[in-house]
Amino acid sequence: MVAKRIIPCLDVKDGQVVKGINFLGLKEVGDAVEMGKRYSLEGADELVYLDISATREGRKTFAALVERIAEVINIPFTVGGGISTLDDASRLLDAGADKISVNSAAIKDPSLIERVAAKYGSQFIVTAIDARMIDGKWMATTHGGSVPTDRELFSWAKEAQDRGAGEILFTSMDHDGTKAGYPCETYAALCDSLSIPVIASGGAGNVGHIADVLTLGKADAALAASIFHYGEISIPDLKGQLRSQGIEVRL
Amino acid sequence: MIAIIDYKCGNLKSVENALSRLGCEYVLTSDPEVILSASKVILPGVGNAAEAMANLREAGLVDVIKSIRKPVLGICVGMQIMCRDSEEGNCECIGLFDSHVKRFIPTPECKVPHMGWNAIGNLEKKLFKDMKGGQYVYFVHSYYPTLCQDTIATCVHAGQMFSAALKYENFYGTQFHPEKSGDVGEQILRNFLAL
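Here we summarise the structure given alongside this text. (Residues numbered from 1 in each chain as written. Chains lettered and ligands numbered in written order. Predicted model: local features only at pLDDT ≥ 70, side-chain atom pairs only at ≥ 80, totals over all residues. Heavy atoms only, no water.)

1. Let's talk about the overall build of chain B
Quick reminder of the rule: Helix numbers and strand numbers start at the N terminus; a helix is a DSSP run of H or I with at least 4 residues, a strand a run of E with at least 2. Here the radius of gyration uses the C-alpha set of atoms, whereas the globule reference equals 2.2 Å times the residue count to the power 0.38. Between buried and exposed lies partly exposed: a residue is buried under 20% and exposed over 50% of the maximum accessible area for its type, with that area taken using a 1.4 Å probe on protein chains only. The contact criterion used is simple: two residues touch if any of their non-hydrogen atoms lie within 4.5 Å. Here, Shrake-Rupley sampling with a 1.4 Å probe gives the accessible areas, and only protein chains in the shown set may cover a residue.
Scanning chain B from terminus to terminus reveals six helices and 13 strands. Against the compact-globule benchmark of 16 Å for 195 residues, chain B has a radius of gyration of 15 Å, which places it among compact chains. C-alpha atoms of chain B, sized along the principal axes, occupy 45 × 35 × 30 Å. When the 195 residues of chain B are sorted by exposure, 59% land in the buried category. A separation threshold of at least 6 residues defines the contact pool for chain B, and within that pool the share at least 24 residues apart is 66%. Roughly 7600 Å² of accessible area belongs to chain B as shown, and the carbon and sulfur atoms make up 47% of that amount.

Structure follows, in structure tokens:
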């Protein structure tokens, strides 16, 4: 059976990993390559690097960083943040990224998913969806959850799958940064409605939360940032505890 | 010198980086002479099997590959096109491995692509020298090579057992990505380079 994946997420600004809460207020937590290498040695199954630079200079720094990451890291890694054209995707592929994740740009122009998948395969494109509950419905949002769109989570995820996305990365903006756990019922319904893997993100505060989203929530992978960055839970401890609860993980 | 066959089929960067980490010298090439004089040959491949075969034919490399007598390692789609045929684009392949490449049928239990780390077993002794069964390697694929007499490692996805690695004479292939499989993958690459 394919193992449940544990994925540390590194938000990168100017080559440094930063962490904020609900995207407000940033704190530098370390060097992007060094942290990635450390997580990989500790047993992370994949890494996600998100470029949160807002400037052109920052974007250039990030592309150079992706090349260095690809040279050093011997596990798969995804890069995201500000990818809006096929050219952006091509540049990151050439730099050595294994996958890219698209978010707002795909909502604006869903054909981006098709174009990237047709050129580089579904395995190369993850569709990230930041959704929050609005009037009883899970609606996709942009700009860190602050701008609602007319896309409903389940139909948008299905559309992304049909257009060629290889994975869905769903973050509940109602739970992100709260450390109060994931909305497991929503994850389970989403996983049942799709044939591609789903990565759960946003809300993990302890091992129990992660165990729940991988079992009750049926998620294929769990992504987290702050609990790893601040050493609240180490990856070997987390995986050891998941294994002891009967969850298949790579040790 | 190790030759990585460049036939315009996806990203070669991760294979290059993996060889660099192991301190190997390599060359990217589609030149038959260079390929035939290399000590080891790697046939990578990402994407679509039918397209990969078409590219290989266009580059005139099908017979060249068949005539290599040094160890060859096909990775992912590179391995699939060394099989008899593939359901992806219903194409005839090179026909070195006695295996057919079939599509995983998606169900709620069987996510497609089969993506992530899965355990391999029934390991042959050369490519997997000093390795125990049950170790995890990284897979990303929607099509799988069936079990056959050339199977040298197996894996199971949602109840479906398939060939995780194949061997016929000097030809080896892995469905998983050793270049992305952490330390276990590096050991497999080292074993191949030591053949």
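Still to come is the rest of the account.
2. Description of the interface of chain B and chain A
The accessible area lost on association of the parts is a frequent measure of interface size. To be explicit about the condition: Note on terms: buried area is the combined drop in 1.4 Å-probe accessible area of two parts once they are placed together, counting the loss on both. For this document, the term salt bridge refers to a Lys or Arg side-chain nitrogen within 4 Å of an Asp or Glu carboxyl oxygen. When residue character is reported, Ala, Val, Leu, Ile, Met, Phe, Trp, Tyr, Cys and Pro are called nonpolar, Asp, Glu, Lys and Arg charged, and the others, Gly included, polar.
The interface of chain B with chain A comprises 24 residues on the first partner and 35 residues on the second. It is Lys111, Met115 and Trp117 of chain B that lose the most area in chain B upon contact with chain A, and together they represent 29% of the buried surface on that side. Here chain B and chain A share two salt bridges between them. Counting residues per element, the ones that place at least two in the side of chain B that touches chain A are helix 1 (13-21), strand 8 (114-120), strand 9 (135-141) and helix 6 (182-193) of chain B. Considering each element in turn, the side of chain B that touches chain A owes the most residues, five residues, to strand 8 of chain B. The class makeup of the residues in the side of chain B that touches chain A is ten nonpolar, seven polar and seven charged.

3. So, the packing of helix 3 (residues 86-95) of chain A against helix 5 (residues 111-120) of chain A
When two helices pack together, their arrangement is captured by the angle between the axes and the distance separating the axes. Residues and elements named next belong to chain A. We count it as follows: To obtain an axis, a line is fitted to C-alpha atoms, over the contacting stretch when the element is a helix, and the angle between two such axes runs from 0 to 180 degrees between their N-to-C directions. A crossing counts as left-handed when the near helix is turned anticlockwise from the far one by less than a right angle, and as right-handed when that turn is clockwise.
Direction vectors running N to C along helix 3 and helix 5 enclose 40 degrees, while the axes themselves pass 10 Å from each other. Crossing hand, helix 3 versus helix 5: right-handed. Here Leu86, Ala89, Ser90 and Leu93 of helix 3 come into contact with helix 5, specifically with Leu112, Arg115, Val116, Lys119 and Tyr120. The class makeup of the residues in the contact of helix 3 with helix 5 is six nonpolar, one polar and two charged.

4. A word on the pairing of strand 3 (residues 40-43) of chain B
Residues and elements named next belong to chain B. What counts here: For two strands to be treated as a pair, DSSP must find no fewer than two bridges joining them.
Of the two faces of strand 3, the one carrying Lys40 and Ile42 and the one carrying Val41 and Leu43 are both buried. Of the strand pairs in this sheet, strand 1 (residues 2-5) and strand 3 are connected by three bridges, and their pairing is parallel. The partner of Ile4 across the bridge, within strand 3, is Ile42. Relative to strand 4 (residues 72-75), strand 3 is paired through three bridges, and the arrangement is parallel. Looking at the pairing, Ile42 lines up with Leu73 of strand 4.

5. Observations concerning the sheet that holds strand 10 (residues 143-145) of chain B
Residue and element names in this part refer to chain B. Sheet architecture is open: four strands sit in the order 6-5-7-10, paired in mixed fashion. Edge strands, defined here as strands with exactly one partner in the open sheet, are strand 6 (91-92) and strand 10. The sheet contact formed by strand 5 (residues 85-86) and strand 7 (residues 100-103) spans two bridges and is parallel. Directly across from Asp85, in strand 7, lies its bridge partner His100.

6. Points about the pairing of strand 4 (residues 47-51) of chain A
Residue and element names in this part refer to chain A. Most of strand 4 is tucked away: four of the five residues are buried. Relative to strand 4, strand 1 (residues 5-13) is paired through four bridges, and the arrangement is parallel. In the sheet register, Val12 faces strand 4, and the bridge partner there is Asp51. Where strand 4 meets strand 5 (residues 77-80), four bridges bridge the pair, whose relative direction is parallel. Of the residues in strand 5, the one forming a bridge with Leu47 is Phe77.

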